[in-house]
Amino acid sequence: MSDITADVAMTELADGLSEATEVVKGAFEIDRSKAVRFGGLLALALVFISLVGMPVGMDGRQILYWINPDVYVNHPDGQGLSLGYVALFLWPLLLGWAVGSEVVLEGMAATKRGAHDLVTGLVVGVIGGLGVSVLTMLLAWDREINPENGVPAYGMRDPLVNWNEDLYILLTFNRGWTFALWAWPLLAGLLAMFGAGLRLMSDPIRKAIVAALLAIVAVSIFQFLVDDLLGGLGETIADPGRLSNFFGDDPDAGRPNVDSVFDGLLDFVYAKTGGLRLQGVIFVGVVAAGLSLLGSYVTRGRVKAARQAYLDRPVAERTTSSAIGMVVIALALIILPFFTGKIVNELLANVGIFLLLALGLNIVVGLAGILDLGYVAFFAVGGYTTAVLTSAGRGESWPSWVPLFVTDDGEAVVGGWIIALVLVMIFAALTGLLIGAPVIRMRGDYLAIVTLGFGEIIRLLFLSDWLKGYFGGAQGITNIEGADFGFLGTVTGVNPRSVFYLVLFFSAIAIYVSWRLERSRLGRAWMAIREDESVAEAMGINTVNMKLMAFVVGAVLASFSGAIFSAKVGSIFPTSFLILVSIIILVVVIVGGMGNIMGVIAGSLVLIGVLGGPKQPGLLQEFSEYKLLIYGALLIWMMLKRPEGLVPNARRSRELHQEEFLQDAWLKGEVDTGDDEGEEGDAVATEVAPA
Amino acid sequence: MTAAVRVKGAPRTGVDWFLLLLRVLLIGLIVIGLLAFIAQQIDPGNAFAKWTHDGEEASRLTWPQFRGLIVTGLSQGAMYGLIALGYSMVYGVLGFINFAHGEVFMVGAFTGFIMSTKFDEAGWWDGWIFIPVILFTILVCTLVATATAVIMERVAYRPLRGSPRLIPLITSIGVSFFIQNAVILLFGPGAKGYPPNPEWLEETIPGLGIEVKKLLVIIVAAISMAGLWYFVERTKTGKAMRAVAEDKEIASLMGIDVNRTIVTTFAVGGAMAGIAGILWGILFKSVIATTGFLPGIKAFTAAVVGGVGNLGGAMAGGVSLGGAEALAPLMLLEPLGVEGPSQLRDAVVFTLLILVLLVKPTGLFGERLSAEDRA
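Residues numbered from 1 in each chain as written. Chains lettered and ligands numbered in written order. Predicted model: local features only at pLDDT ≥ 70, side-chain atom pairs only at ≥ 80, totals over all residues. Heavy atoms only, no water.

Caption draft 1: Here's a closer look at the overall build of chain A. Broken down by element type, chain A carries 28 helices and six strands. Each of the 691 residues in chain A was classed as buried or not, and the buried ones make up 48%. A separation threshold of at least 6 residues defines the contact pool for chain A, and within that pool the share at least 24 residues apart is 70%. (Helix = DSSP H or I, 4+ residues; strand = E, 2+ residues; numbered from the N terminus. Buried < 20%, exposed > 50% of the residue type's maximum accessible area, 1.4 Å probe, protein only. Contact = heavy atoms within 4.5 Å.)

Caption draft 2: Inspection of the interface of chain A and chain B at higher detail. Every contact between the two is made by 55 residues of chain A and, on the other side, 63 residues of chain B. Taken together, both faces of the contact between chain A and chain B bury some 5,100 Å²; the carbon and sulfur share is 77%. On the chain A side of the contact with chain B, Arg441, Arg443 and Tyr446 of chain A bury the most area, a combined 16% of that side's loss. Summed over the shared surface of chain A and chain B, the result is one salt bridge. Residue Arg441 of chain A is joined to Asp16 of chain B by a salt bridge in which the shortest nitrogen-to-oxygen separation is 2.8 Å. On inspection of chain A and its partner chain B, the count reaches four residue pairs in polar contact (both at pLDDT 80 or more). Counting residues per element, the ones that place at least two in the side of chain A that touches chain B are helix H2 (32–52), helix H16 (416–439), helix H17 (444–463), helix H22 (543–569), helix H23 (579–592) and helix H25 (627–641) of chain A. (Buried area = accessible area lost by both parts, 1.4 Å probe. Salt bridge = Lys/Arg side-chain N within 4 Å of Asp/Glu carboxyl O. Polar contact = N/O pair within 3.5 Å; in protein donor to acceptor, adjacent residues only side chain to side chain.)

Caption draft 3: The arrangement of the pattern of salt bridges in detail. Under the defined criterion, the tally for this structure stands at 16 salt bridges over all chains. Ionic pairing is found between Arg143 of chain A and Glu165 of chain A, a salt bridge with its closest N-O pair at 2.7 Å. With Arg143 of chain A in strand S3 (residues 143–145) and Glu165 of chain A in helix H6 (residues 165–172), this residue pair connects regions lying 22 residues apart in the sequence. A salt bridge links Lys214 of chain B to Glu211 of chain B; its shortest N-O distance comes to 3.4 Å. Classification of Glu211 of chain B by relative accessible area gives partly exposed; the value is 23%.

Caption draft 4: Looking closely at the confidence of the model for chain A. When the pLDDT values of chain A are averaged, the result is 81; 86% of them are 70 or greater. Below a pLDDT of 50 lies the segment residues 68–74 of chain A, which in the model reaches 26 contacts outside its immediate sequence neighbourhood of four places, other chains included. (pLDDT = per-residue confidence, 0-100.)

Caption draft 5: View of the packing of aromatic side chains. Counted according to the given criterion, the structure contains 40 aromatic pairs over all chains. Aromatic pair Tyr446 of chain A and Phe300 of chain B: ring centres 5.9 Å apart, planes at 90°, arrangement edge-to-face. In this pair, Tyr446 of chain A sits in helix H17 while Phe300 of chain B sits in helix H12 (residues 293–306), so the two residues belong to two different chains. Accessibility classification places Tyr446 of chain A together with Phe300 of chain B in one group, the buried group. Each member of the aromatic cluster is reached from another via a ring pair, and the members are Phe379, Tyr384, Trp398, Phe462, Tyr470, Phe471, Phe565 and Phe577 of chain A. Of note, Arg516 of chain A hangs over the ring of Trp515 of chain A, and the distance from its end group to the ring centre comes to 5.7 Å. (Phe/Tyr/Trp six-rings, centres within 6.5 Å; stacked < 30°, edge-to-face > 60°. Lys NZ or Arg CZ within 6 Å of the ring centre and 35° of its normal.)

Caption draft 6: Main features of unusual backbone geometry. Phi at Asn479 of chain A takes a positive value of approximately 55°, unusual for a residue other than glycine. For Asn479 of chain A, the position within the fold is in the loop between helix H18 (468–471) and strand S5 (483–484). With phi around 55°, Lys285 of chain B is a residue other than glycine that occupies positive phi space. Position of Lys285 of chain B relative to the elements: it lies in the loop between helix H11 (258–284) and strand S4 (286–287). Under the relative-accessibility criterion, Lys285 of chain B is labelled partly exposed at 24%.

Caption draft 7: Representation of the environment of Gly489 of chain A in the model. Residue and element names in this part refer to chain A. By secondary structure assignment, the location of Gly489 is in the loop between S5 and strand S6 (490–491). The exposure class assigned to Gly489 is partly exposed, which follows from its relative accessible area of 25%. Once the C-alpha coordinates of Gly489 and Val414 are considered, the two residues, 75 residues apart in sequence, prove to be 9.6 Å apart. Excluding residues within four positions of it along the chain, Gly489 makes contact with Ala483 and Asp484.

Take a look at the structure:
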């Protein structure tokens, strides 16, 4: 009896052992070349980021207010994990996650997840960490302490500006390079393993962890915004009488100072010197994870079902409900500036200016498929025309019949800006025609370069001494009056809230126009041209006129933005209209989602709002130095991985993934491609692609 | 369709009339400017000159000034030509404009800066040792630029093979933006000065009135061009490149490794840009992260002027563009009474690009494109 049990136990043990050895064996059966490739990539990325100066530059921003006083560079008294370290730690996590990704084709079994994923992650991280170790070693080797004053000097500092003591201290955790030698591979390895481990978890848990991490970082780096919003809201709740001051310039005027009701919460979460306290981290993490788990278990599938139910409703009903939604959003936006501080309002005004530009470019690039790299020219024309019409400081060469909407005492004429705007529109439309006509029949890529040339020509003309009497050359035009709307108030840069409203008004117009155009005959013609110009022409579309229309509409929208810009800034210089602006707007449109209005709005909010415009600071001041690099990287990455953008236009993304759709359809047996007539298959794909 | 040319037999629309007007206007301006220039060379006080110069006499251009302009134009044009080769070859093979090619040139110039300052610290950037040192520097710049171009192709363009035409173009804008800003962050935003050239390089050759360095630039460019011509026309790899440019599919059926050939194309184009980069450094003695942008666009213009895909055309286009850029401000704009004409040099180049595309879109020497790109 007991023998049998022992036997069974033995067999079970043996089975268990062999299973365990299987697992251990399996754990080391990793795709070595892939691991090494990703590891090398990680090493390169970490070294590049270090040399570019990101970790040191962002070391000033604390994420965690924490423990160790002797580690941090810019905060000798500071304590904790800085954004600089996060900029490095992020990559092992991401690449550890990415190394486990695989293309899953229909009909193929996905590889089994298991311990080998963790090992792969570890290998990737260790190799990446070794890259940093080598960098630290090189730094240490190049480091020479000046015997006279004890200041360390670096030989390679000459070409490489970030090759310095700050980087050395940061990378060695201020513990000497021998520490960094083993600490980095270990740290990166563990982080990458964690990243890879995320794939082994069940969906809800993974989501909860990611949500917690993101929330901690977001709450920490947006501390200023959270302070601003909760502070303002809390004060209003504590003293509702402040609402009566809402239409004044300063909500605080004449009210006693009150403490925001959220002060306690803010003090609990944030440290005095910036960054989250440990309790704040736990609080934010738990709340985010909890919400995510709640979301996963309670609403599982319901959101999708609700969306489907909504989409299944008749069009008329949907229009009503979306109209109601729009009104709600509009009201929310109108009230929003009262709760936010001056800086956030300024930020929103900037976002709006670029949103207008992006909406215009979206029509040109997104709908009509014309890659206009000189789009900034229309912005410049709008700005300069407004300046010429509303500034007493315009050049002296203007004949007197060119109107000037400034009174003799140098005040803006009431409504003058509106009349100016009409002229601006006309000029912008003419410029659109002038620039559009010569390029309209060119091949797409030639058109891009030639429009870029036009953009430069226009800027150079504004800059030149030749036209200095008109546009002021490099000195530009100053003393531009704000837009005076009589009893509605004056819009100037001093009052960002007023700029915000002006921008909001025009953005609403632009959004409405884009939305209507997209569904109009003209919009469909544009999309047809974008898809295939010859076919569109064969279908009877006058491609030349339609493309010119796109140019004109885009130009007018950009000129609105230019007019607001000049009223806001109060002075205008050729340096505000570099090619850079065109490219940043292009990035906004592409990252958001070409041809999709929601995408463009999201793109401007995220990119211009958070990272900042070409000269305008964004929410993340720490990133301002690196934002252009990030823009470039984003553009490449989006084109490679997701050319349809973050919020894709359904039709556009179908076009971009035509082949994949065809493949899917073929696998499902929906299309008969006629065996080997591949070309015909292409044509069929558009028809069968799911709507 | 390549450009703004009306299909034969189609009715003229408003746009066509406008384009005709534009052509007439631009060519008319050039003719009037040239005539005014000749007139003011003969008589600086002629009526037209007085009218355009607000009643004052125009100034004559002396022969040494003129010669100086031509030499400057030639040496700059030679560099544009070298960069244009890369654009032209890549366009010929892949059918897209590698917007980031200007950055390859900039990387070459930056490598030259780093090496030359290091050599200067060692005292090797002078005297006769300069010659082997500069040859070595050119070699390294070429290698670094080549590597940049090849990595670019591998990372950003290869995955996009076969996607719509504008997608790789937008990607290349991103690449250009990325490289530019990476260089700013790595090496600092300011202009970087090359060490002073050895004295003998700055001297003027007595009989010719040409500075030695400009002559050197022209000679190095000519040698590289000859080398490239030999490579493309006389070697097997060059033949493969031409075949791939003609038709990728047939070429691959003939046993040519298309991917490898494309990489070679990028590498060769990068090498030429690298050489142009170090030459630029020696000529202008300063480099900044945005150095690559304008020369890049101008080189593309040169490629278009010469006819895309046509190597000899690219070089000739570069030289004529350099010449136009140097001469036009003083020979066209100044006689027309434009103040500060040199400020508009870049505008001249862009106008030339537009004019060529309007009048002769296939370039002066004709395009050589594959069947699918001509469509």
